[in-house]
Structure formats: C-alpha cells, structure tokens
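# Overview (structure and organization)
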Amino acid sequence: MKAVVVHSAGDLRLEDRPDPGCPAGSVIVDVEYGGICGSDLHYVSHGASGLSLLADPMVLGHEVAGRISKLGDGVAGFAVGDAVTVHPAVYCGECADCLAGRTNLCPRVTYYGSAAHRPHTDGAFASRKAVPAGQLRRLPDGVTTRQAAVAEPLAVAIHAVGRAGSLAGKDVLVNGAGPIGALLVAAARRAGAASVVASDLSETSLAIAKRMGADDVVLVGSGAQLPEVDVAFEASGAARALGGVLAAVRRGGVVVQVGNLPAGPVTAELAALVFREIDYRGTFRFTDELDDALAYLADGLDVEPLLTHTFDAGDVAEAFAVASDRGTGSSKVLLKFV
C-alpha cells in the first residue's frame, strides 16, 4: 500500500508499505480522503509540531474518511462497505482528566500522526489503515467521505465554541480565517451567535469565511477596525494579534485561544485581561464532538467552500506545497487515496 511518511524536516515521501493486518476488534479502512492539517505541515517544514519533536519516520494524517473493507474477529455493529471516519485519539480512561470527561487532556493520550510520544503514533495517510472499532464513526446518510474528511477539524471548532460558554445572542469575532477559523465561523453561527465577524490578512480566506457564514469581514492591515464583540476566537496563532483581539472584546468578555502559539516565550499585549476582566481560555482538540460534527454535516452544513484543492496521493509533494502557501488561495487541501 501507499503511505505518506515524514522522515525529517523537508523530507516527505510517498512510500510502499505492507498492507496492515486486521487484529481482533479492529477493521481495515480503505482510506478515500484525508485533509492536510497545520500539524502535518509543521512536521514537514520544521520537524516538529508545537512541543512534539519528530525523532523517527512517521505516517502523517488524522483527518480521514473511507470505507470498511475487512472486519476483524469480534467486531459488531459495522459491515464491509460502511462509510466511516475515525476518532484519532486513544486515551487511558483511568486518569483524573478522563474520569472528568476531559479525555483530550489525558497525559497518556496518543493521536494519529503525532510525535508526542516515542514510538510515534502513525497516522492514516495511507491506502489502508487498521482501526479499532471503538474509534470508528459511521457516516450519516447523505454525508460523503469527502465531506467527512473535515469532520475532525470541525470537531475542534465545535469544542472551541463550547469552551467560550453560551454564544446565544452574542457578537463574535474570529481572528484568523484559515480552515479552523472558517469552521469556527460555521460553528459559532450554529451556536446561536447574533453576529460573526472574521478577520484575516488574506482576502481569499475572508471570502471563504463569508461563504461559511460570516456576517462581515475585516482585512487586517487595511485600516479597518475590529468590531466590539462579546467573544473572540484567536485562530491565527500569531502572538502579535493578541493585543488587538483583546482590545476588541467588551468588558467581562471571553477570548478563546485556538491557534497554536509558538513554543517558548512570546511577546503579547495582555494588559486588557486585567483592567477589562477578560477571560482568556485555551482549547485543545476535542472530546466527543466528532459526533456533533457529523450531525452538523448531516443537517446540511456546507463545507465545500473550504475544500479548495484535491490532489491524488501520488502528488503529495505538490499538495503540501499548495497547503503551505497561502498565496495559492488554498484553505483545506485534500489528499485522495482512491
């Protein structure tokens, strides 16, 4: 089978690997589509994603959907041919965070395509992947594997929206209109926000945010001012953006940090946290919101505006180059394995 493997910074390969076995309790998923995530790009460009350092070759990819081609012994509730997506996390189920329902914070969690632990956890950018049945989510009727390839980042956005508390009737800013930012726009709209404004440096990204439900957009650097809002989602990961985002939030408001800030010390203007009594909250991956994401898709959430490019897996180098260059007009770039 073919697999997308990163060996080190700048060394991305499409390799032939043996087909996986099918252990008891697992299935074989023939992967059809995979979405390239920012963490995949970071492993290829920097050999690291956040604090996770690449030490060995690793199969990338955690945003995937496909069809079951084989059932292992003891698997019930699924059939060959079922269209599925995959929850990419495996957690211990025993620690305080797991017992509190915050499985995304489990210190022993493993995640597809992550170098957080050694040995690294291979991802699912491959023709076939053996997946424990408990990680499978069957696609609802009407949801395609192409759409479901973004169920995982949509779950990230839904979790982030939940971290803000109720958005009903509130004015919302999403700073950073990349793929996660655009999905935050859609999730905030679904959560009942009175208005949603997206801001970004890219006119192309802002156009996508409009199609995903933003009421208005602000082109950063154009001289236009950010609106006053109750809740802001900082999705750019740029520390220099924090001061402006905080200044846009009303007294007693909430800022949720969604974008990954650089590792190590950063310089940011944070004084408003104190004198405006703003809550500054982090958000990390998701827990069970993958089910919510599939429900949104089944209910008609249109993610096609986000899916700007699709490449055959054999063109993986070009796909990663396009995904990493905002000048190409890319948002979510998909790899097609069939």
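Scroll up for the structure.
Worth saying up front: this structure is predicted, and the values here are computed from it rather than measured. (Residues numbered from 1 in each chain as written. Predicted model: local features only at pLDDT ≥ 70, side-chain atom pairs only at ≥ 80, totals over all residues. Heavy atoms only, no water.)

## Looking at the packing of helix 4 (residues 151–163) against helix 9 (residues 289–298)
Close contact between helix 4 and helix 9 brings their axes to 8 Å; oriented N to C, the two are set at 110°. When the interaxial angle is binned, helix 4 and helix 9 end up roughly perpendicular. Touching Ala151, Glu152, Leu154, Ala155, Ile158 and His159 of helix 4 are Glu289, Leu290, Asp292, Ala293, Leu294, Tyr296 and Leu297, all from helix 9. For the contact of helix 4 with helix 9, the class distribution of residues is nine nonpolar, one polar and three charged. (Axes fitted to C-alpha atoms, helices over the stretch in contact; angles between N-to-C directions. Helix = DSSP H or I, 4+ residues; strand = E, 2+ residues; numbered from the N terminus. Parallel < 35°, antiparallel > 145°, perpendicular 65-115°, else oblique. Contact = heavy atoms within 4.5 Å. Nonpolar A, V, L, I, M, F, W, Y, C, P; charged D, E, K, R; others polar.)

## Remarks on the pattern of salt bridges
The tally for this structure, following the rule as stated, stands at 19 salt bridges. With a shortest N-O distance of 3.2 Å, Asp19 and Arg128 are connected by a salt bridge. In this pair, Asp19 sits in the loop between strand 2 (11–16) and strand 3 (26–35) while Arg128 sits in strand 11 (residues 128–132), placing the two residues 109 residues apart along the sequence. The exposure class assigned to Asp19 is partly exposed, which follows from its relative accessible area of 46%. The exposure class of Arg128 is partly exposed, given its relative accessible area of 31%. With its nearest N and O atoms 3.3 Å apart, the salt bridge here joins Asp82 to Arg138. In this pair, Asp82 is assigned in the loop between strand 7 (63–71) and strand 8 (83–86) and Arg138 in strand 12 (residues 136–138), connecting sequence segments 56 residues apart. (Salt bridge = Lys/Arg side-chain N within 4 Å of Asp/Glu carboxyl O. Buried < 20%, exposed > 50% of the residue type's maximum accessible area, 1.4 Å probe, protein only.)

## Describing the sheet that holds strand 6 (residues 58–59)
With respect to topology, three strands assemble into an open sheet ordered 2-1-6, the strand pairing being antiparallel. Strand pairing shows two members of the sheet lacking a second neighbour, strand 2 and strand 6, which therefore form its edges. Bridge analysis of strand 1 (residues 2–8) against strand 2 gives six bridges, and the strand direction is antiparallel. Along strand 2, the bridge assignment pairs Val6 with Leu12. Strands strand 1, strand 2 and strand 6 of the sheet are contacted by helix 1 (residues 38–46), whose axis makes an angle of about 50° with strand 1. (Pairing = 2+ DSSP bridges.)

## Things to note about the pairing of strand 1
Linking two consecutive strands that pair antiparallel, namely strand 1 and strand 2, is a turn of two residues; a positive phi of about 85° is found at Gly10 within it. Relative to strand 6, strand 1 runs antiparallel, the two sharing two bridges. Residue pairing in the sheet places Val5 in a bridge with Val59 of strand 6.

## Considering the sheet that holds strand 17 (residues 249–257)
By way of backbone hydrogen bonds, the strands of a sheet pair with one another, either parallel or antiparallel. Taken in spatial order, the six strands line up as 15-14-13-16-17-18 in an open sheet, and their pairing is parallel. A strand with exactly one partner marks an edge of an open sheet, and here the two such strands are strand 15 (216–219) and strand 18 (279–282). Across the sheet, the axes of successive neighbouring strands diverge by a mean angle of 20°, strand direction being ignored. Two strands pair when backbone bridges link them, and strand 17 and strand 18 are joined in this way by four bridges, in the parallel orientation. Residue pairing in the sheet places Val254 in a bridge with Asp279 of strand 18.

## Notes on the nonpolar core
Counting 58 residues, the largest nonpolar core has Leu167, Val172, Leu184, Phe233 and Val303 as its most contacted members. Looking at this core, the elements that each hand over two or more residues are helix 4, strand 13 (171–175), helix 5 (179–190), strand 14 (195–200), helix 6 (203–211), strand 16 (229–234), strand 17 and helix 9. Considering each element in turn, this core owes the most residues, eight residues, to helix 4. Shared between two domains, this core takes at least three residues from each, and those domains are domain 1 (2–138 + 303–336) and domain 2 (155–282). Not counting residues within four places of it along the chain, the set of residues in contact with Leu167 comprises Val161, Val172, Ala188, Ala191, Gly192, Ala193, Ala194, Val231 and Phe233. Listed in part, the 35 residues of the second largest apolar core include Leu136, Val316, Phe320 and Val322. (Core = buried A, V, L, I, M, F, W, Y, C linked by side-chain atoms within 4.5 Å. Domains from an automatic or database assignment.)

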